[in-house]
Amino acid sequence: MEGTSINSLYATSARLVRLVTTDFHRYLYYQINWDNHLIAIKGPRGVGKTTMLLQRIKECFADHPEKALYVSMDNLWFANHSMSEVVEFHYTHGGTHIFLDEVHKYPKWQSLIKNITDEYPDLHVVFTSSSMLKTDYSQGDLSRRLRDYTLNGMSFR
């Protein structure tokens, strides 16, 4: 794979991380054990899942931005490329963490996540999915490996 073709994903990740604010965090941010190797964050659209991923990268990887990559799975880049290409490139170029947003939009995403955790056991994977969809973690046999969290909407209470 030619390295320049993936540069658009890295540029998008860097831009979004740079622009996210860290002055407010949702309650779940502090409840997640970010040391786990496989984390799922579920929740309805618009509750802050993407912001949470970007905030985590901004706060924890400022000194080594090459170690973390944010990727939205509905990016048009995936029309001609696979997520496996991204993971291989990121890992072989020093990446230690990958944050996958909207993972449910990628075909056979459960198998993809399982393959990533099998083939790159020291890579930390955090992904988001909509709680509105039936997310069956057993399809890719993720249930034993996964620590999942649900981010609920905000309340006026």
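A brief structural summary. (Residues numbered from 1 in each chain as written. Predicted model: local features only at pLDDT ≥ 70, side-chain atom pairs only at ≥ 80, totals over all residues. Heavy atoms only, no water.)

**Observations regarding the overall build of the chain**
Argument step 1. On a plain count of helices and strands, the chain comes out with 4 helices and 5 strands.
Argument step 2. Each helix (α) and strand (β) of the chain, taken in turn from the N terminus, gives the series α-β-α-β-α-β-α-β-β.
Argument step 3. By residue count, 45% of the 157 residues in the chain fall in the buried class.
Argument step 4. For the chain, long-range pairs separated by at least 24 residues make up 78% of all intrachain contacts whose partners lie at least 6 apart in sequence.
Argument step 5. Element-wise, carbon and sulfur atoms account for 51% of the exposed surface of the chain, whose accessible area totals about 8,600 Å². (Helix = DSSP H or I, 4+ residues; strand = E, 2+ residues; numbered from the N terminus. Buried < 20%, exposed > 50% of the residue type's maximum accessible area, 1.4 Å probe, protein only. Contact = heavy atoms within 4.5 Å. Areas by Shrake-Rupley, 256 points an atom, 1.4 Å probe, with all protein chains shown as cover.)

**Remarks on the pairing of strand β1 (residues 38–43)**
Argument step 1. Of all 6 residues that make up β1, 6 are buried, and the element is covered over most of its length.
Argument step 2. Judged by which residues are buried, β1 turns out to be covered on both faces: L38, A40 and K42 on one side and I39, I41 and G43 on the other are all buried.
Argument step 3. Of the strand pairs in this sheet, β1 and strand β4 (residues 124–130) are connected by 6 bridges, and their pairing is parallel. Residue pairing in the sheet places L38 in a bridge with V125 of β4.
Argument step 4. Bridging between β1 and strand β5 (residues 147–150) involves 4 bridges; their strand directions are parallel. Within the sheet, the bridge partner assigned to I39 lies in β5 and is R147. (Pairing = 2+ DSSP bridges.)

**So, the packing of aromatic side chains**
Argument step 1. Scanning the model with the defined rule gives 8 aromatic pairs in all.
Argument step 2. Geometrically, the ring pair formed by Y29 and W34 is tilted, given 5.6 Å between the ring centres and 50° between the ring planes.
Argument step 3. Its relative accessible area of 10% is what places W34 among the buried residues.
Argument step 4. Consider the rings of W109 and F127, whose centres lie 5.7 Å apart with planes at 55°: the pair is tilted. Here W109 is found in helix α4 (residues 109–119), whereas its partner F127 is found in strand β4, with 18 residues between them in sequence.
Argument step 5. Each member of the aromatic cluster is reached from another via a ring pair, and the members are Y29, Y30 and W34.
Argument step 6. Residue placement shows R147 over the ring face of Y149; its charged tip is 4.3 Å from the ring centre. (Phe/Tyr/Trp six-rings, centres within 6.5 Å; stacked < 30°, edge-to-face > 60°. Lys NZ or Arg CZ within 6 Å of the ring centre and 35° of its normal.)

**Brief notes about the layout of surface pockets**
Argument step 1. Computed from the structure, the largest pocket encloses a volume of approximately 210 Å³.
Argument step 2. Residue lining of the largest pocket: Y10, S13, A14, V17, R18, I57, K58, F61, A62, P65, E66 and A68, and that is the complete set.
Argument step 3. The set of elements that each furnish at least two residues to the lining of the largest pocket consists of α1 (3–19) and α2 (49–60).
Argument step 4. Take the lining of the largest pocket: its biggest share by element is 5 residues, from α1.
Argument step 5. Of the residues assigned to the lining of the largest pocket, the class counts are 8 nonpolar, 1 polar and 3 charged. (1 Å grid on protein atoms, 1.4 Å probe; cavity = no way out; pocket = protein on both sides within 12 Å on 5 of 7 lines; lining within 4 Å. Points joined across faces, edges and corners; volume = space filled by probe spheres on them. Nonpolar A, V, L, I, M, F, W, Y, C, P; charged D, E, K, R; others polar.)

**What to know about the nonpolar core**
Argument step 1. One finds M83, V86, L100 and F127 to be the most contacted residues of the largest nonpolar core, which totals 26 residues.
Argument step 2. Grouped together as the second largest cluster of nonpolar side chains are 20 residues, V20, V47, V126 and L151 included. (Core = buried A, V, L, I, M, F, W, Y, C linked by side-chain atoms within 4.5 Å.)

**Topic: the sheet that holds strand β3 (residues 97–101)**
Argument step 1. Judged by pairing direction, the sheet is parallel, and its 5 strands sit side by side in the order β2-β3-β4-β1-β5 without closing on themselves. Of all the strands in the sheet, just β2 (68–72) and β5 have a single pairing partner and so form its edges. Averaged over neighbouring strand pairs, the angle between their axes works out to 15° when direction is ignored.
Argument step 2. Here helix α3 (residues 83–92) sits on the sheet in contact with β2 and β3, set at roughly 155° to β3. (Axes fitted to C-alpha atoms, helices over the stretch in contact; angles between N-to-C directions.)

By themselves these figures say nothing about function.
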